[in-house]
Amino acid sequence: MSGLHILLLIGGYFVLLLVISHFTGKNDSNEDFFKAGKQSPWYLVAFGMVGASLSGVTFISVPGWVADSQFSYMQVVFGYFFGYMVTAFVLLPIYYRQNVTSIYEYLDERFGFVSYKVGAVSFFISRVLGAAFRLFLVAIVLQQFVFDAWQVPFELTVILSILLIWIYTFKGGIKTIVWTDTLQTLFMLLSVGFSIYFILDELNWTLADYLSSQEFKAYNKTWFTEDFFAKNHLVKSFLGGMFITICMTGLDQDMMQKNLTCRNLGEAQKNMVSFSIVLVLVTFVFMMLGALLFIYADRYDISLPLMDGSPKSDLLFPEIAINSGLGMTVAITFMLGLIAAAYSSADSALTSLTTSFCVDFLGTGKKTEEEAKKTRRATHVGMSLLLILVVIAFKYILDRNVIDGLLTVASYTYGPLLGLFSFGIFTTYKVRDKLVWVVAVASVGLIVALAKVPPSYLGGYVFGYELLPLNGLLTFIGLFLIRKRAPLAQTEHHLRLRNHPDQRS
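Residues numbered from 1 in each chain as written. Predicted model: local features only at pLDDT ≥ 70, side-chain atom pairs only at ≥ 80, totals over all residues. Heavy atoms only, no water.

Let's shift gears to the overall build of the protein chain. Helices and strands together make up the secondary structure of the protein chain, namely 21 helices and four strands. Put simply, the protein chain has 505 residues, and 59% of those count as buried. Considering only contacts within the protein chain whose residues lie at least 6 apart along the sequence, 86% involve residues at least 24 apart. Of the accessible surface of the protein chain, which amounts to about 19900 Å², a share of 65% is contributed by carbon and sulfur atoms. (Helix = DSSP H or I, 4+ residues; strand = E, 2+ residues; numbered from the N terminus. Buried < 20%, exposed > 50% of the residue type's maximum accessible area, 1.4 Å probe, protein only. Contact = heavy atoms within 4.5 Å. Areas by Shrake-Rupley, 256 points an atom, 1.4 Å probe, with all protein chains shown as cover.)

Rendered as structure tokens:
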């Protein structure tokens, strides 16, 4: 598949997205941009969230990670499932009861202005880095397989990628994304299905042959319980996965903004439960594809592609799909799946960053509709430029598998959010609001320092994704230390509202 073919395919794909954007962005109102008028069908949101949650990171990086980690990522994914249940039945009721546009408005009501801003800043940093990770993946694939041959610099590849996202989201916002995510999820799943089918056919295997083969058994170890000190131990992975989901979905404006477009709480919960079941199954299919890719590469002596002189496992899937002679069907569906997977998360990230910055930092809710619309449009441009700069920076500083890097960064940046929301939900205390930022910075600093302690100093213990709940716990303890004991009447009132939300006026 030539670079020209890939560009034509991308062009056709974005024409389709622009058609969707034209119909969903006709009103160009802030209500539609931020909340889609609260009219999104729950099943549409659920299906689209599969693609947004998996993203280009799962599409490329999870299959590429199998050689090093086998199926250990499934331990994290089962933790994800329980995290989604907490999100559905603990967090969503709070957001719907308070009718928020930005979920961090809860912190303003619960603790005060500084806590609100600390939550918004934590999300902002987390989402910028997360979106940049995902966009970086699609950019390096396009660079490796298209633009390098034409001597187009990586920086221009990134600019073009984000410009395309801006074009189809600048009017419709979340209303457009609910529909484009559905299309993008479909393309991504078709791509994986076709890839598995044609690789199995090339190897003269049925699916049953593959699953019972010795080659598959060499990759499919899922449960790691031998060494608790190891990073991939079952307990550490499961708890880390659960808290990653609570933070990266339940406390994340990006993912929650889609749920808040559902008509009511019941439909939003249906969306979350059904989506979480499908996500576990689909991720397992990705792990199967990863093992199959390495088996195929070994059978036909295909080496890991090089990037800047170093082998890059994230590029194995595109190398096999595009250059190994599997046929045009695999190449076309792979590129559609890659583009869909990458942009299904990047477009919603850009929209959620715009929403959070407008509501949480610029106070558009207090402006007239026309002033708020102008602010939103300018912010949308600013967020696009910021993403461009961060993605380009990743090319020069990223030295690990992308999904591992993404989850590690989440351990640092989402911890304050976890601590703040937990303290707000499970205690009745107020806090000294002006000191909350000190607690958040200190917690993140301690976690970063702890992660850098050599394992030899800890008896061989290697920290994994449990750093995230530990970060949240440190924030929780810090908030407890700066608490203000509420008057008895106020405490009883707060408990009554929490246990009987229907009494809220």
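There is more to say after this.
Attention now moves to helix H13 (residues 265-299). The end-to-end C-alpha distance of H13, which contains 35 residues, comes to 51 Å, matching closely the 51 Å that a straight helix rising 1.5 Å per residue would cover. In this structure asparagine 264 caps H13, since a side-chain oxygen of it lies 3.2 Å from the backbone nitrogen of glycine 266. A positive phi of about 55° marks aspartate 301, the residue just after H13. (Expected span 1.5 Å × (residues − 1). Polar contact = N/O pair within 3.5 Å; in protein donor to acceptor, adjacent residues only side chain to side chain.)

Here we take up the packing of aromatic side chains. Centre distance and the angle of the planes are the two values used to describe a pair of aromatic rings. One pass over the full model with this rule turns up 31 aromatic pairs. Considering the side-chain rings of tyrosine 104 and phenylalanine 421, the 6.4 Å spacing of their centres and the 70° angle between planes classify their relative orientation as edge-to-face. Of this pair, tyrosine 104 sits in the loop between helix H4 (73-98) and helix H5 (105-110) while phenylalanine 421 sits in helix H18 (residues 415-426), and the two are 317 residues apart along the sequence. When sorted by exposure, tyrosine 104 lands in the same class as phenylalanine 421, which is buried. The structure contains a cluster of three or more aromatic residues connected by ring pairs, namely Phe71, Trp205, Tyr210, Phe216 and Phe284. Over the aromatic face of phenylalanine 228 sits the side chain of lysine 236, whose NZ or CZ is 5.8 Å from the ring centroid. Over the ring of tyrosine 429 we find arginine 483; its NZ or CZ atom is 5.5 Å from the centre of that ring. (Phe/Tyr/Trp six-rings, centres within 6.5 Å; stacked < 30°, edge-to-face > 60°. Lys NZ or Arg CZ within 6 Å of the ring centre and 35° of its normal.)

Positive phi values are uncommon outside glycine, yet glutamine 70 reaches one of about 55°. Topologically, glutamine 70 is positioned in the loop between helix H3 (42-69) and H4. Phi at asparagine 204 takes a positive value of approximately 60°, unusual for a residue other than glycine. Taking the relative accessible area as the measure of exposure, asparagine 204 reaches 67% and is therefore exposed.

With that out of the way, let us pick up the confidence of the model for the protein chain. Per-residue confidence for the protein chain averages 81 on the pLDDT scale, and 85% of its residues sit at or above 70. Across the protein chain, the secondary-structure element scoring lowest on mean pLDDT is helix H21 (residues 488-499), at 48, and the one scoring highest is strand S3 (residues 430-431), at 94. (pLDDT = per-residue confidence, 0-100.)

Of all the eight residues making up helix H14 (residues 316-323), six are buried; the element is thus mostly covered by neighbouring parts of the structure. One or two residues past the end of H14 sits glycine 325, with phi positive at roughly 80°.

Turning to the pattern of salt bridges, a few remarks are in order. Applying the stated rule across the entire model yields four salt bridges. For glutamate 215, the salt bridge is made with arginine 299, and the minimal N-O distance between the two is 3.8 Å. Linking glutamate 215 in helix H10 (residues 214-217) with arginine 299 in helix H13, this pair joins segments that are 84 residues apart in sequence. On the basis of relative accessible area, glutamate 215 is assigned to the partly exposed category, the value being 33%. For arginine 299, a relative accessible area of 41% puts it in the partly exposed group. As a salt-bridge pair, glutamate 466 and lysine 236 come within 3.8 Å of each other at their nearest N and O atoms. A residue pair is termed long-range when its members are at least 10 positions apart, and glutamate 466 in the loop between helix H19 (436-451) and helix H20 (467-481) and lysine 236 in helix H11 (residues 234-250) qualify at 230 residues. (Salt bridge = Lys/Arg side-chain N within 4 Å of Asp/Glu carboxyl O.)

Looking now at the side chain of threonine 222. Looking at the secondary structure, you find threonine 222 in the loop between H10 and H11. Excluding residues within four positions of it along the chain, threonine 222 makes contact with Phe71, Ser72, Met74 and Gln75.

As a further point, take the environment of threonine 176. With respect to the helices and strands, threonine 176 occurs in helix H8 (residues 174-202). For the pair threonine 176 and isoleucine 20, spaced 156 residues apart in sequence, the C-alpha to C-alpha distance is 6.9 Å.

Once that is clear, we can look at the nonpolar core. Looking at soluble globular proteins, one finds that nonpolar side chains tend to be buried together. In this structure, Tyr95, Ile199, Tyr210, Met335 and Phe421 are the most contacted members of the largest nonpolar core, which totals 140 residues. It is helix H6 (residues 113-147) that contributes the most residues to this core, 19 residues altogether. (Core = buried A, V, L, I, M, F, W, Y, C linked by side-chain atoms within 4.5 Å.)

Another point: the side chain of asparagine 259. Turning to its location among the elements, asparagine 259 is positioned in helix H12 (residues 253-259). On the basis of relative accessible area, asparagine 259 is assigned to the buried category, the value being 0%. Here the side chain of asparagine 259 touches asparagine 271 through a polar contact of 2.4 Å, side chain to side chain. For asparagine 259, the residues in contact, after removing those within four places along its chain, are Val45, Met49, Leu92, Tyr96, Ala268, Asn271 and Met272.

Residues Leu18, Leu156, Ile159, Leu160, Leu163 and Ile167 make up a contiguous nonpolar surface patch of about 450 Å² in total accessible area. If you trace the backbone, isoleucine 159 turns up in helix H7 (residues 154-169). When its relative accessible area of 37% is taken as the criterion, isoleucine 159 is described as partly exposed. (Patch = residues over 30% accessible without salt bridge, like charges linked within 9 Å, V, L, I, M, F, W, Y side chains within 5 Å.)

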